[in-house]
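The chain contents come next:
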Amino acid sequence: MTTDELTRTLTRTRTRPDDAASAARQGALTMLPMLAAYVPFALVVGTTVAAHGPPLAGWAGSWLIFGGSAQLATLRTLVAAGPVAAVITGLLVNARLLAYSASLARRWGDQPRWFRLAAAAMVIDPTWAVAERHAGHTGDAGARRRYFLAAGLTLGGGWCLAVGVGVLAGSRIDSLDLRIAVPLCLLALIGPQLRARGDRLVIAVAALVALLTASWPSGTGLLAAIVAGAAAGAAGGPPRRGSDVPSAEDAGSRP
Amino acid sequence: MTAWLVVLAVGAGSYLFRVLPLLLLGRVPFGPRAEAAIRRGGLAAITALVVVSTRQAAAGDAALPVLLAVGAGAVVAARGASMVRLLLYGGATYAGALLVTGLLVR
């Protein structure tokens, strides 16, 4: 069975509610191929940690910051411009998390507070993508919880381990140019949206603004692109939704 | 010590970015346009990251191979390929383009 077939099998609509173990297993198995693809990126982060200061503190960022782009930007800016600039840069790059969480908040209006507090620690590009896709396949809130937690823990554990390997390997893998892995991993997360007309406008606007603001201070161009893309999304009308997923509006009408 | 403080500060701020919308926006009623903007904000964020990371990877002599690899990756992604398959296609395109440009330069 190919990876594509496995992913489709794991995420297709089921005719009966997911049981606990099944939903968790689906989440973990859906994330595994993505984790494998993120390993080169994690190694890049790890070698950067090894090259830029205390390795333990740098590695701790893999689970405290839990964002490769922000972690890289923070470490590089710390060396180049000091701690205050590093904190500002890291937070600017990770400000995109507001967009992910705002989007998931509309999906998780029916989820308990403890889940939202716990799941928040695992919100990042690939977990946002799998949560959005899975929300279209089941309306069972418990199944969606288990699915996301399993996916998030799989990614988190594997990511931290891979960054650790990069830290330990250090300059021994510097000769490998792995930076191409980053944009390729990210492209896979938005692949299906490249075919939807309304989403293509968002992608085009966000990409154009990101290009035009490339010389802006670290993270600010990213924010401008997010705002521009979201505005294009607002102009384009509501996105196509999964038919059986309760939105925030639907959850609000329940007792 | 400084590195630890920086990592903790960015980590704490990042967690707030993640948790505050989940706690505050779940049941707030928004109009259809605002709803559409929120739903597509994540897509815009990842698109912007693709552009930023492509620029970073394309520094120096690797510009053309990176652009070809990302272009090939976009085509493959639009056809619904898995992340692993996309990495293989994109990586192969990158390696092949690097080889060709390297030979042409010589």
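See the structure printed just above.
A few points on the structure.

**Notes on the packing of helix α3 (residues 63–78) of chain B against helix α4 (residues 83–105) of chain B**
All names here are of chain B. Where α3 contacts α4, the axes come no closer than 8 Å and their chain directions differ by 155 degrees. Accordingly, the angle class assigned to the pair α3 and α4 is roughly antiparallel. Handedness of the α3/α4 crossing: right-handed. Along the contact surface, α3 presents Leu 64, Pro 65, Val 66, Leu 68, Ala 69, Ala 72, Gly 73, Val 76 and Ala 77, while α4 presents Leu 86, Tyr 89, Gly 90, Thr 93, Tyr 94, Ala 97, Leu 98 and Thr 101. Considered class by class, the residues forming the contact of α3 with α4 number 13 nonpolar, four polar and no charged.

**What about the packing of helix α4 (residues 68–81) of chain A against helix α5 (residues 83–94) of chain A?**
Residue and element names in this part refer to chain A. For the pair α4 and α5, the least separation of the axes is 8 Å and the interaxial angle reads 160 degrees. Of the possible angle classes, the one that applies to α4 and α5 is roughly antiparallel. As α4 packs across α5, the resulting crossing turns out to be right-handed. Contacts between α4 and α5 involve Ser 69, Ala 70, Ala 73, Thr 74, Thr 77, Leu 78 and Ala 81 from the first element and Pro 83, Ala 85, Ala 86, Thr 89, Gly 90, Val 93 and Asn 94 from the second. Across the contact of α4 with α5, the residue classes tally to eight nonpolar, six polar and no charged.

**Regarding the interface of chain B and chain A**
Listed per partner, the contact involves 68 residues of chain B and 94 residues of chain A. Surface buried jointly by chain B and chain A totals about 7,100 Å² across both partners, of which 73% is contributed by carbon and sulfur atoms. When the buried area of chain B at its contact with chain A is split by residue, Arg 18, Arg 39 and Arg 40 of chain B rank highest and sum to 13% of it. Taken together, chain B and chain A are joined by 14 residue pairs in polar contact (both at pLDDT 80 or more). Mapped by element, the contributors of at least two residues to the side of chain B that touches chain A are α1 (2–24), α2 (32–57), α3 and α4 of chain B.

**With respect to the packing of aromatic side chains**
Residue and element names in this part refer to chain A. The final tally for this structure, using the stated rule, is nine aromatic pairs over all chains. With a centroid separation of 4.8 Å and 75 degrees between ring planes, the pair formed by Trp 108 and Phe 148 is classed as edge-to-face. Placement of the pair is Trp 108 in the loop between α6 (96–107) and α7 (113–120) and Phe 148 in helix α9 (residues 141–169), with a sequence separation of 40 residues. An aromatic cluster is built from Trp 108, Trp 114, Phe 115 and Phe 148, whose rings are joined through pairwise contacts.

Criteria and thresholds
- Residues numbered from 1 in each chain as written.
- Chains lettered and ligands numbered in written order.
- Predicted model: local features only at pLDDT ≥ 70, side-chain atom pairs only at ≥ 80, totals over all residues.
- Heavy atoms only, no water.
- Axes fitted to C-alpha atoms, helices over the stretch in contact; angles between N-to-C directions.
- Helix = DSSP H or I, 4+ residues; strand = E, 2+ residues; numbered from the N terminus.
- Parallel < 35°, antiparallel > 145°, perpendicular 65-115°, else oblique.
- Left-handed = near helix turned anticlockwise from the far one by under 90°.
- Contact = heavy atoms within 4.5 Å.
- Nonpolar A, V, L, I, M, F, W, Y, C, P; charged D, E, K, R; others polar.
- Buried area = accessible area lost by both parts, 1.4 Å probe.
- Polar contact = N/O pair within 3.5 Å; in protein donor to acceptor, adjacent residues only side chain to side chain.
- Phe/Tyr/Trp six-rings, centres within 6.5 Å; stacked < 30°, edge-to-face > 60°.

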